[in-house]
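Observations on chain architecture
The lines below spell out each chain.
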Amino acid sequence: MATDNRDNLPKPDFMTEEQFEWLKKATASLDQIRGDAKADVERYKANPDGWSTGKGSPSGLPTLLLTTLGRKSGEKRTTPLVFLQWGEHMVIVGSLAGYDQDPTWYTNMKTNRTCWVQKDRDQYVCIGRDVTDAERKSLWPLLDQVFPAWGYFQKTTDRPFPMVSLEIQKKL
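Scope of this entry: the structure provided in the associated data block.

Calculation criteria
- Residues numbered from 1 in each chain as written.
- Predicted model: local features only at pLDDT ≥ 70, side-chain atom pairs only at ≥ 80, totals over all residues.
- Heavy atoms only, no water.
- 1 Å grid on protein atoms, 1.4 Å probe; cavity = no way out; pocket = protein on both sides within 12 Å on 5 of 7 lines; lining within 4 Å.
- Points joined across faces, edges and corners; volume = space filled by probe spheres on them.
- Helix = DSSP H or I, 4+ residues; strand = E, 2+ residues; numbered from the N terminus.
- Nonpolar A, V, L, I, M, F, W, Y, C, P; charged D, E, K, R; others polar.
- Salt bridge = Lys/Arg side-chain N within 4 Å of Asp/Glu carboxyl O.
- Buried < 20%, exposed > 50% of the residue type's maximum accessible area, 1.4 Å probe, protein only.
- Phe/Tyr/Trp six-rings, centres within 6.5 Å; stacked < 30°, edge-to-face > 60°.
- Lys NZ or Arg CZ within 6 Å of the ring centre and 35° of its normal.
- Pairing = 2+ DSSP bridges.
- Axes fitted to C-alpha atoms, helices over the stretch in contact; angles between N-to-C directions.
- Contact = heavy atoms within 4.5 Å.

1. Some remarks on the layout of surface pockets
Put simply, the second largest pocket is a space of about 170 Å³. As for the second largest pocket, its lining consists of K45, L65, T67, K76, T78, W116, V117, Q118, Q123, Y124 and L172. If you tally residues by element for the lining of the second largest pocket, the top one is strand 4 (residues 114-119), at three residues. Class assignment of the residues belonging to the lining of the second largest pocket gives a composition of five nonpolar, four polar and two charged.

This is how it looks when you write it as structure tokens:
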């Protein structure tokens, strides 16, 4: 099921018409998503306090910065991601707003599982591990509480979203 045309997306019950129009505009293209992510990285780094709880982020959602190594360039690539705190681990979802391709951060992570995470002012070296099927099943209801759009977007594509547990190796 192709999700490139945002005009064909059905409005989810949990959103108002105004929220849904904003969502369609914010996810209208991959270039739009990437541009907004780049701007959010700059805002996060300039004022990191409160992003991990959602109190400092424009979206109000718990957000971290994930840095992976580019699989071709070897350069560090940083992206903001909504996450679920799961015990000592952080869980991230590769939804890419329901587009039919995995996000670049996940493609990079498949090549090199070592990554860097920033939560507010704290920084960590982590290993990204795909969750097991059993973990995935138990995590979905928790993830849906954090960000219901994940479940909505999952229904708009045949691509199973990657779900990664970020496991801290050391604090920087």
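2. Section: the pattern of salt bridges
With the rule as written, the count across this model stands at nine salt bridges. A salt bridge links R129 to E167; the nearest nitrogen and oxygen atoms lie 2.7 Å apart. With R129 in strand 5 (residues 122-130) and E167 in strand 6 (residues 163-171), the pair connects residues that are 38 residues apart, well separated along the chain. Given a relative accessible area of 17%, E167 falls into the buried group. Among the charged side chains, a salt-bridge network with shared partners connects R129, E135 and E167.

3. Quick notes on the packing of aromatic side chains
Following the criterion strictly, the structure yields five aromatic pairs and no others. With 5.3 Å between their ring centres and 90° between their planes, F147 and W150 make a pair best called edge-to-face. By relative accessible area, which is 22% here, F147 ends up partly exposed. The aromatic ring of W116 is capped on one face by K76, whose charged end is 4.1 Å from the ring centroid.

4. A closer look at the sheet that holds strand 4
A barrel is described by the order of its strands in space; here six strands give the closed sequence 1-2-3-6-5-4, paired in antiparallel fashion. Averaged over all pairs of adjacent strands, the angle between their axes in this sheet comes to 45°, without regard to strand direction. Along the sheet, helix 2 (residues 30-46) contacts strand 1 (63-69), strand 2 (76-86) and strand 4; its crossing angle with strand 2, the most-contacted strand, is approximately 75°.

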